[in-house]
Structures are given as C-alpha cells and as structure tokens.
Amino acid sequence: MLGTVLLLLALAKTACPSPASVASWRAEALKKLLEVFGMEDPPAPPTHFKQPPQYMVDLFNTVANADGVTKNPDILEGNTVRSFLDKTHSEEMRFLFVLSSVAKNEKILTAELHLFRLWPRVTDGPKRHHFCQVSVYQVLQKDKPDTPEGKKLLAARLVSLQTSGWEVFAITPAVRDWAEDESSNQGLLVTVQGLGGSPLDPPPLQFASGRGHHESKKPMLVLFTDDGRRGASLPTAGFPGGSHTPGMTPLLSRSRSTRSLDRLQPCQRHPLSVDFEEIGWSGWIISPRGYNAFHCKGSCPFPLGENMRPTNHATVQSIINALKLSEGVSTPCCVPDKLHSINLLYFDDDENVVLKQYDDMVAGSCGCH
C-alpha cells in the first residue's frame, strides 16, 4: 500500500506544462489516493467549527503518536471506531443514533452507549440512597416503550450517587439489529430506579442530554468495527495511458547523474512528508495534520552486508548477478522490509468523528530484497 501512496503523491504534486493536464491528473491521483483510504469521495468539512468528542481524541492519542503512526497496536478492536451523537436532543432519557454512515461490509464488534452522569439532585431530607439501578433498553415499539413488549433489556447495573462522570453500557445486540434492518432502529430508553427496581420520583440521578449541556457531555454511541481491509495494495496501472504518464518527466524521470548517485548510496530509509493540507484534506481530517511515510532508496551491491538486512533470496540473487551466472538477473532492490500502520481521526459525511487504522502506510526500515 505504501508504494501506491508514493506514486499517487507524485502524480498529485507534479508540475506539468498543460494546466488542464495538471488538473486532470491531480484529480485522478487524489481519487486513487482516496481509494487507499477506503473512500470514494472526500467527506465534506463540517459546516461550522465542531469540537470532536474528547473520548475520540483521547483514544487517538492512546493508539497513535502525534503523527498518526500506531504505537499501541493491540488497543483497538478491529480497525475502525465510529462515534455518533444523540439525535433526539430531548430532556427525557430517550436516545436515537443514526447509523447510515456504517458501511455494509463493516463487522460490528462492540457497541457502547456513553452517558455522562451529572451530580445527584440536592434534596431537603437526609440522603437515603447511595446507589440506584440504571437500565438500558432497546426500544421495539416507538409508541409503547414503557410496556414489556415495547422494549428489550440490554444492560443494567448499580450506579453510585456520590460522584459524577461517564458511564458506559454495552449494547452490541441492539446495534447489530439496526445494522441488519435500519427500520428497526427505534432508539434506546434509559430508566433509573431504586434498589430492587422500586420507582424513584424524582430520580436522584440524571444523565446529560443532547440539549442544554456542554458538547463534551452529550450522549454518544461508540462502535468498534472492522471493514476487513488488511494492507491490500491498489494496482498502480489504473491511470489512463498505462505506466507512462504525460508530463511526469520532471519528477519521475530524473537525470542520469542523479540516478548514478543514488546507485552509489547504500540502501537506506529517507524522509517522505505527506501533508494533508497540501493535498487539500485538512478540512475534514482532525489528526494528524500529516505524517512521514518514508521511502527506500539506494544500491544493493555485492557482497550484501548484514546492515542491508538482505533476505536469503536477495543474497543468492546478488551472487548470481555478480558472477554473471544467469542472463537478465539484476541486483536486489532496496525496498521496505518493515511497514507500520497509521491512524486518522476525521469527520465523515454526517459530521460524525471516526478513528480508522490503515495498515502498511509507513516504511519502518529498508532492506535489500
């Protein structure tokens, strides 16, 4: 996948004598680059400034370095995390999340309802309750959510009345139902009861709603999914005109002296900056602003030393090339022998915040293969 990215960046940035040709090839290159990131079109930037949920920002910082390179590969379950804000904006404890942006090929692994617990109500009398029971139901019948047949219990537990903060409830079965049949999504119902299920009026515990509370405390649905992509590279011959690209000579066809100099240098890793602002994607990508993909360049001369990290096959090929034992056998190539994934935190078309991990995007080291 990294090799595809390098070619696409070259095509997207290269100057060309014909302005029309520049625009055409740049658009084609960026379209292919979007395919590398699993998209058909770039998401539209939010219509107004929007603060991403702190949970998603913290998750990105836990999984990745500042430049997006994965530092803790075992944290994410799957390769995608999607967040959705409640669409009801109601003071009642009814919640609705629209999941239209979840792709059909995404496997839903875990779904969590995140609710911010407010400080308990102040009462005149002595405090008689230290805990209450919070239950989360999947609404089956929108007009009868309070009846036994109108709802299905998803999660229930005791919650302390002495503190405030986030409560997380697992609701995976409901979200899988909604993914299979979008029309079955009638939302969620949350109830607060005393120990043993006794009614509390008014309930001593409240959760922040989508209306009248700070953006950072709004109800949120978090999905951990996997789209099955595992570093699948795109064919690089998909551009009109095959492997030859008109007007690409200044970048892709360098002078003989430059190529000769490259051959004199040993195989090693070199910087390669990918700037999302320069590409035109900074409006919808939250983090990182860019990253260093690195690329491999240099010669693999005989004899291959251990510092060139050769494979056994490359060593044999180098010997055969040096001794001229077979015609048409070239020297081994300087290529990445270790690749790292990167993570993007971005707004999708519905202005939901998504964290997605992409394999094989950064050359970690180079060797002769």
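Here the structure is a predicted model, which means the values were calculated and not measured.

> Would you take a moment to explain the overall build of the protein for this structure?
Check the secondary structure of the protein and you find eight helices and 15 strands. Expressed as a percentage of its 369 residues, the buried residues of the protein come to 43%. Contacts spanning at least 24 positions in sequence make up 75% of the contacts within the protein whose residues lie at least 6 apart. By element, 53% of the accessible surface of the protein is carried by carbon and sulfur atoms, the whole surface being about 19,500 Å².

> What should I look at first to understand the side chain of Glu167 in this one?
Mapped onto the secondary structure, Glu167 falls in strand β6 (residues 165-170). When its relative accessible area of 12% is taken as the criterion, Glu167 is described as buried. Among the polar contacts made by the side chain of Glu167, one reaches the side chain of Arg157 at a distance of 2.7 Å. Non-local contacts of Glu167, meaning those with residues more than four positions away in its chain, are made with Leu113, His114, Leu115, Arg117, Arg157, Val159 and Phe207.

> How do you make sense of the sheet that holds strand β4 (residues 131-139) when you look at a structure like this?
Hydrogen bonding along the main chain pairs the strands of a sheet, whether they run parallel or antiparallel. Taking strand neighbours across the sheet as the criterion, the four strands line up as β2-β7-β4-β5 in an open arrangement whose pairing is antiparallel. Among the strands making up the open sheet, the edge pair consists of β2 (94-95) and β5 (151-160). Relative to strand β7 (residues 188-193), β2 is paired through two bridges, and the arrangement is antiparallel. Looking across to β7, one finds that Arg94 is bridged to Leu189. Sheet contacts for helix α4 (residues 172-180): β4, β5 and β7; angle to β4, the most-contacted strand, approximately 15 degrees.

> Whenever I open this one, the pairing of strand β14 (residues 334-347) confuses me. Can you help?
The two faces of the sheet receive side chains in turn, since in a regular strand these alternate between them. Summarising the sheet, strand β11 (residues 285-287) and β14 pair through two bridges and their orientation is antiparallel. What sits directly across from Ser287, in β14, is Leu345. Two elements, β14 and strand β15 (residues 353-368), share 12 bridges in a ladder whose sense is antiparallel. Paired with Leu345 across the strands is Leu355, a residue of β15.

> Before we go on, may I ask you to explain the pattern of salt bridges in this structure?
Pairing between side chains of opposite charge can happen when their charged atoms approach one another. Inspection of the entire model under this criterion finds seven salt bridges. Of the charged contacts, one joins Arg82 and Asp348 as a salt bridge, the two residues approaching to 3.9 Å between their closest N and O atoms. Placement of Arg82 in strand β1 (residues 80-85) and of Asp348 in the loop between β14 and β15 is noted, with a sequence separation of 266 residues between them. An identical accessibility class is assigned to Arg82 and Asp348; each is buried. The network of salt bridges with shared partners includes Arg82, Glu106 and Asp348.

> It is not clear to me how the sheet that holds β1 should be interpreted in this structure. Could you clarify?
One open sheet holds the seven strands; their spatial order is β6-β3-β8-β1-β15-β14-β11, and the pairing between them is antiparallel. In this open sheet, the two strands that pair with only one neighbour each are β6 and β11. When the angles between neighbouring strand axes are averaged without regard to direction, this sheet yields 30 degrees. Strand direction decides the pairing type here: β1 and strand β8 (residues 220-226), joined by six bridges, are antiparallel. Bridge pairing links Phe84 to Leu221 in β8. Strands in contact with helix α3 (residues 54-63) are β1, β3 (107-117), β8, β11, β14 and β15; relative to β15, the strand with the most contacts, it is inclined by about 15 degrees.

> Which parts of the structure should I look at to understand the nonpolar core?
Within the largest apolar cluster, 33 residues are counted, with the highest numbers of intra-cluster contacts made by Phe37, Phe276, Trp281, Tyr291, Ile342, Tyr346 and Tyr358. At the level of elements, α2 (19-36), α7 (276-279), β14 and β15 are the ones that each hand at least two residues to this core. Per-element tally for this core: the top contributor is β15, with seven residues. Beyond its immediate sequence surroundings of up to four residues, Trp281 is in contact with Leu30, Leu33, Leu34, Phe37 and Phe276. Grouped together as the second largest cluster of nonpolar side chains are 30 residues, Phe97, Leu99, Leu113 and Ala174 included.

About the criteria used
Residues numbered from 1 in each chain as written. Predicted model: local features only at pLDDT ≥ 70, side-chain atom pairs only at ≥ 80, totals over all residues. Heavy atoms only, no water. Helix = DSSP H or I, 4+ residues; strand = E, 2+ residues; numbered from the N terminus. Buried < 20%, exposed > 50% of the residue type's maximum accessible area, 1.4 Å probe, protein only. Contact = heavy atoms within 4.5 Å. Areas by Shrake-Rupley, 256 points an atom, 1.4 Å probe, with all protein chains shown as cover. Polar contact = N/O pair within 3.5 Å; in protein donor to acceptor, adjacent residues only side chain to side chain. Pairing = 2+ DSSP bridges. Axes fitted to C-alpha atoms, helices over the stretch in contact; angles between N-to-C directions. Salt bridge = Lys/Arg side-chain N within 4 Å of Asp/Glu carboxyl O. Core = buried A, V, L, I, M, F, W, Y, C linked by side-chain atoms within 4.5 Å.

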